[in-house]
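Letter by letter, the chains look like this.
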Amino acid sequence: MSSFDFALGETADMIRDTTQRFATDRIAPLAQRIDAEDWFPRDLWPEMGALGLHGITVAEADGGLGLGYLEHVIACEEVSRASASVGLSYGAHSNLCINQIARWANPEQKAKYLPKLLSGEHVGSLAMSEASAGSDVVSMKLKADRVQGGWVLNGTKFWITNAAYADTLVVYAKTGEGSRGITTFLIEKDMAGFAIGQKIDKLGMRGSPTAELVFTDCEVPDENVMGPENGGVGVLMSGLDYERAVLAGIQLGIMQACLDVVIPYVRERKQFGAPIGSFQLIQAKVADMYVALNSARAYVYAVARACDAGRTTRFDAAGAILLASENAVKVSLEAIQALGGAGYTRDWPVERYMRDAKLLDIGAGTNEIRRMLIGRELIGGG
């Protein structure tokens, strides 16, 4: 399928080509198994590391490629075109964990944690949400109490992507009262008092492992505090815009995957003596899918470029993932409809695309929260 040229530049095109080849050769053949068995393909991480995909937004001095969020979005898009669940775990590793460390860690912390995360030898994760603190994240209950030489953490985190496989986790905990009483910690999987709780069985994004974290008198040294003490909300919120922009790439990849299946199908499938693609209703459906994809691409790419220029806005980052996510759900449903009965079976991947697409109506801030941010900013007031 010919695609509109967004003139993103040679570097972005190179990242797309490299990631697309890797995703086609190594990820796509595993996608059905990843979903069916809820299997995390851990062996892909060093291969992606060798291509530099884990450190796209990390400075060259710290071992990364020194590129921008636009290139990161494109990599996430192409990985997710092959498998959205791999795209989600990749986004959590490379953006939510690595990018936050690259932006906030001190030189000693970067030297300790980044090399193995960038190579893919280690898997990264970020832990913000709790069972009773999702959209209202500041109401988190995980408590960090100061002791001699460090902190003791008690409580739980929930909905944590990559949790069961993560070697390094960026974790937010309460160290005081209100929004000015949260601190960011770098947690290692082998720390005493840290454990993985229940695994979460999800509708979609199967193969992107999600679990609970349990802290029971977990001792964390002072040198594992990342960023300012009681400044965790600033760390957290500063990363949300980038997280939303990068994860929106997942939805772009899902929409492209839908078109990858639908267009050949409607050319070949015959009814009433003609390919169903010759019928105007099907042509209109494909046209709507294509416009939904490219309108979302335009917004997401523009926001990613704004991130790179240091001029993004919180409400446009929310708007980009809102548009991409809602469009992806619609496009995946249309893909099922275009395939008819075949689309409702597991013999074709479009039902997986629909299950995967729905996650980002909820994750990285629900669509309701995104609309609240945008409306509040535009209208003003509380």
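Above this note sits the structure.
Residues take numbers from 1 onward in each chain, read along the sequence in its written order. pLDDT decides what is reported in this predicted model: residues at 70 or higher carry local features, side-chain atom pairs at 80 or more are listed and counted, and totals for whole chains, interfaces and linings draw on all residues regardless. Side-chain measures here rest on the full set of heavy atoms in the structure, leaving out hydrogens and waters.

A. Expanded view of helix H10 (residues 350-358). Extensive coverage of H10 is indicated by the burial of seven of its nine residues. Burial here depends on accessible area, computed with a 1.4 Å probe over protein chains only, as a share of the maximum for the residue type. Under 20% is buried, over 50% is exposed, and the range in between is partly exposed. Put simply, DSSP marks the helices as runs of H or I at least four residues long and the strands as runs of E at least two long, and each gets a number from the N terminus on. Of all the positions in H10, only Val350, Glu351, Arg352, Tyr353, Arg355, Asp356 and Ala357 are classed as buried. Throughout, a residue-residue contact means that at least one pair of heavy atoms, one from each residue, lies within 4.5 Å. On the buried face of H10, the contacting elements are helix H2 (31-37), helix H4 (69-82), helix H5 (84-104), helix H7 (232-268) and helix H9 (314-339).

B. Region of interest: the packing of aromatic side chains. Stacked, edge-to-face and tilted labels apply to pairs of Phe, Tyr and Trp rings (six-membered ring for Trp) whose centres lie within 6.5 Å, assigned for plane angles under 30 degrees, over 60, and everything in between, in that order. Throughout the structure, instances matching the rule amount to nine aromatic pairs. With a centroid separation of 4.7 Å and an interplanar angle of 50 degrees, the aromatic rings of Phe40 and Tyr165 are classed as tilted. Of the two residues, Phe40 is situated in the loop between H2 and helix H3 (44-50) and Tyr165 in the loop between strand S3 (150-161) and strand S4 (168-174); the sequence distance between them amounts to 125 residues. With centroids separated by 4.9 Å and ring planes inclined at 80 degrees, the aromatic side chains of Phe158 and Trp159 adopt a geometry described as edge-to-face.

C. The side chain of Ser80, seen in detail. By the secondary structure assignment, Ser80 is in helix H4. Among residues more than four places away in sequence, those in contact with Ser80 are Gly87, Gly249, Ile250, Gly253 and Ile254.

D. Fine view of the packing of H4 against H5. For the pair H4 and H5, interaxial distance at closest approach is 7 Å and the crossing angle is 155 degrees. Looking at the two axes, H4 sits roughly antiparallel to H5. Handedness of the H4/H5 crossing: right-handed. Across the interface between the two elements, Tyr69, His72, Ala75, Cys76, Val79, Ser80 and Ala82 from H4 touch Ala84, Val86, Gly87, Tyr90, Ser94, Asn95, Asn99 and Arg103 from H5. Each residue gets one label: Ala, Val, Leu, Ile, Met, Phe, Trp, Tyr, Cys and Pro are nonpolar, Asp, Glu, Lys and Arg are charged, and the others, such as Gly, are polar. Of the residues in the contact of H4 with H5, the class split is eight nonpolar, six polar and one charged. Inter-axis angles, ranging from 0 to 180 degrees, are taken between N-to-C directions of lines fitted to C-alpha atoms, where helices are fitted over the stretch in contact. For classification purposes, an angle smaller than 35 degrees is called roughly parallel, one larger than 145 roughly antiparallel, one from 65 to 115 roughly perpendicular, and anything else oblique. For a crossing to be left-handed, the near helix must be turned anticlockwise from the far one by less than a right angle; the clockwise case is right-handed.

E. Main features of the pairing of strand S7 (residues 210-221). By the bridge criterion, nine bridges tie S3 to S7 in an arrangement that is antiparallel. Within S7, the residue paired with Ile160 across the bridge is Ala211. Two strands are counted as paired when DSSP detects at least two bridges linking them. Pairing analysis gives four bridges linking strand S6 (residues 194-199) to S7, with the strands arranged antiparallel. Bridge pairing links Phe194 to Phe215 in S7.

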